[in-house]
Amino acid sequence: MTKKAIAKSGFSLIEVMVAMTVAIVVIAVVMGAMVSQQKNHVTQESLIDMQQGLRAALEVVGSELKMAGYDPTGTAGSTIVLADTADLQFQIDRNGDGDWDAGEVIRLALTNDANRDGIADGTPCDLGRGLDGGALQVLAENIDALNFVYFDSNGNVLATPVADLDAIGSIQVTLVARSGAVLPGFFKRQRDNKTYHNRQGDVVLPAPNDDFRRLEIVHEFKGRNLLLN
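Every value quoted in this text rests on a predicted model; they were computed, and no experiment measured them. (Residues numbered from 1 in each chain as written. Predicted model: local features only at pLDDT ≥ 70, side-chain atom pairs only at ≥ 80, totals over all residues. Heavy atoms only, no water.)

1. Things to note about the overall build of the chain
Within the chain, the regular secondary structure consists of one helix and eleven strands. Tracing the chain from N to C terminus, the helices and strands come up as α-β-β-β-β-β-β-β-β-β-β-β. Taking the intrachain contacts of the chain between residues at least 6 apart in sequence as the baseline, contacts between residues at least 24 apart amount to 54%. Per element, the accessible surface of the chain, about 13200 Å² overall, is 56% carbon and sulfur. (Helix = DSSP H or I, 4+ residues; strand = E, 2+ residues; numbered from the N terminus. Contact = heavy atoms within 4.5 Å. Areas by Shrake-Rupley, 256 points an atom, 1.4 Å probe, with all protein chains shown as cover.)

2. Considerations on the sheet that holds strand β6 (residues 143-151)
Pairing is antiparallel across the open sheet formed by four strands, whose spatial order is β7-β6-β8-β11. Edge positions in the sheet fall to β7 (157-158) and β11 (214-222), since each of these pairs with one other strand and no more. Bridge count between strand β8 (residues 170-178) and β11: nine bridges; the pairing is antiparallel. Across the sheet, the residue bridging to Gln 172 is Glu 220, located in β11. (Pairing = 2+ DSSP bridges.)

3. Let's talk about the pattern of salt bridges
Per the counting criterion, the structure on display carries nine salt bridges. Across the pair Arg 94 and Glu 64 runs a salt bridge, and its minimum N-O distance is 2.9 Å. With a gap of 30 residues between them, Arg 94 in the loop between β2 (87-91) and β3 (105-110) and Glu 64 in helix α1 (residues 13-65) connect regions that are remote in the sequence. Taking the relative accessible area as the measure of exposure, Glu 64 reaches 6% and is therefore buried. (Salt bridge = Lys/Arg side-chain N within 4 Å of Asp/Glu carboxyl O. Buried < 20%, exposed > 50% of the residue type's maximum accessible area, 1.4 Å probe, protein only.)

4. Things to note about the sheet that holds β2
As summarised here, the arrangement of the five strands in space is β1-β2-β3-β4-β5, forming an open sheet in which the pairing is antiparallel. Among the strands making up the open sheet, the edge pair consists of β1 (80-83) and β5 (137-140). Going across the sheet, the axis of each strand differs from the next one's by a mean of 20°, ignoring polarity. (Axes fitted to C-alpha atoms, helices over the stretch in contact; angles between N-to-C directions.)

5. Digging into the layout of surface pockets
The calculated volume of the second largest pocket comes to roughly 150 Å³. Forming the boundary of the second largest pocket are Arg 55, Leu 58, Glu 59, Gly 62, Ser 63, Lys 66, Ile 217, His 219 and Phe 221. Broken down by element, the residue count for the lining of the second largest pocket peaks at five residues, all from α1. (1 Å grid on protein atoms, 1.4 Å probe; cavity = no way out; pocket = protein on both sides within 12 Å on 5 of 7 lines; lining within 4 Å. Points joined across faces, edges and corners; volume = space filled by probe spheres on them.)

6. Side note on the environment of Asp 192
Structurally, Asp 192 is set in the loop between β8 and β9 (196-197). The spatial distance from the C-alpha of Asp 192 to the C-alpha of Pro 208 is 6.2 Å, given a sequence separation of 16 residues. In terms of polar contacts, Asp 192 uses its side chain to reach the side chain of Arg 214, at 3.0 Å. (Polar contact = N/O pair within 3.5 Å; in protein donor to acceptor, adjacent residues only side chain to side chain.)

7. What to know about the packing of aromatic side chains
One pass over the full model with this rule turns up one aromatic pair. Residues Phe 148 and Tyr 150 carry aromatic rings whose centres are separated by 6.3 Å and whose planes lie at 35° to one another, so their mutual orientation is tilted. Judged by relative accessible area, Phe 148 falls into the buried class, the value being 3%. Overall, Tyr 150 belongs to the buried group, its relative accessible area being 0%. (Phe/Tyr/Trp six-rings, centres within 6.5 Å; stacked < 30°, edge-to-face > 60°.)

8. Describing the pairing of β1
With three bridges connecting them, β1 and β2 associate as antiparallel partners. Across the sheet, Leu 82 pairs through a bridge with Gln 89, a residue of β2. Two successive antiparallel strands, β1 and β2, enclose a turn made up of three residues.

9. Concerning the pairing of strand β4 (residues 127-131)
Walk down a regular strand and you will see the side chains alternate between the two sheet faces. Of the strand pairs in this sheet, β3 and β4 are connected by five bridges, and their pairing is antiparallel. When the bridges of β4 are listed, Leu 108 appears paired with Arg 129. Relative to β5, β4 runs antiparallel, the two being bridged by three bridges. Directly across from Gly 128, in β5, lies its bridge partner Val 138.

See below:
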């Protein structure tokens, strides 16, 4: 009687090892893509938050700058009190009663800028808004630079601090915001070595050369009540 060889099905050790290696590589690629996408998502969310915070702050600043010098009775003496590169103080007779009430004298400056050059001296540093000579309250967080440029009615730039405050017709505001932390995916090869300028080409923030991300926003506001007093 002839014995027939019985074929055995299955995988050899080499085939199993090859399959496992391929599976590990595929899993690593998928996980890498997922991690990268998550980092990008976190980064984009942070950048969006920075942008929204800047725009919200600028809305407040803009609404008040447009009202600077508001004096419907002509007896309150509303005017701009101080117009410097990084320190702005002005008056608004909001209720039109001819005198100064709470919240009608406003100051805009950085909360951590002792020499008032418009560049943060350290962290934390925020855009501050003070009322009636009181302490600055946070209007926008993590602001590295604040810059004001003042124009007369013909669009000429006025030297700061502005000597003739009655000559101011509009004010340009430049803000540079920084992410609160180093964002995922922002490696040394992506260091922030950008120098930030206002529209006149003046440096408002030298290249930080760090791993944070920043956003710059610039807007000019025309004072409806300036040049009227």
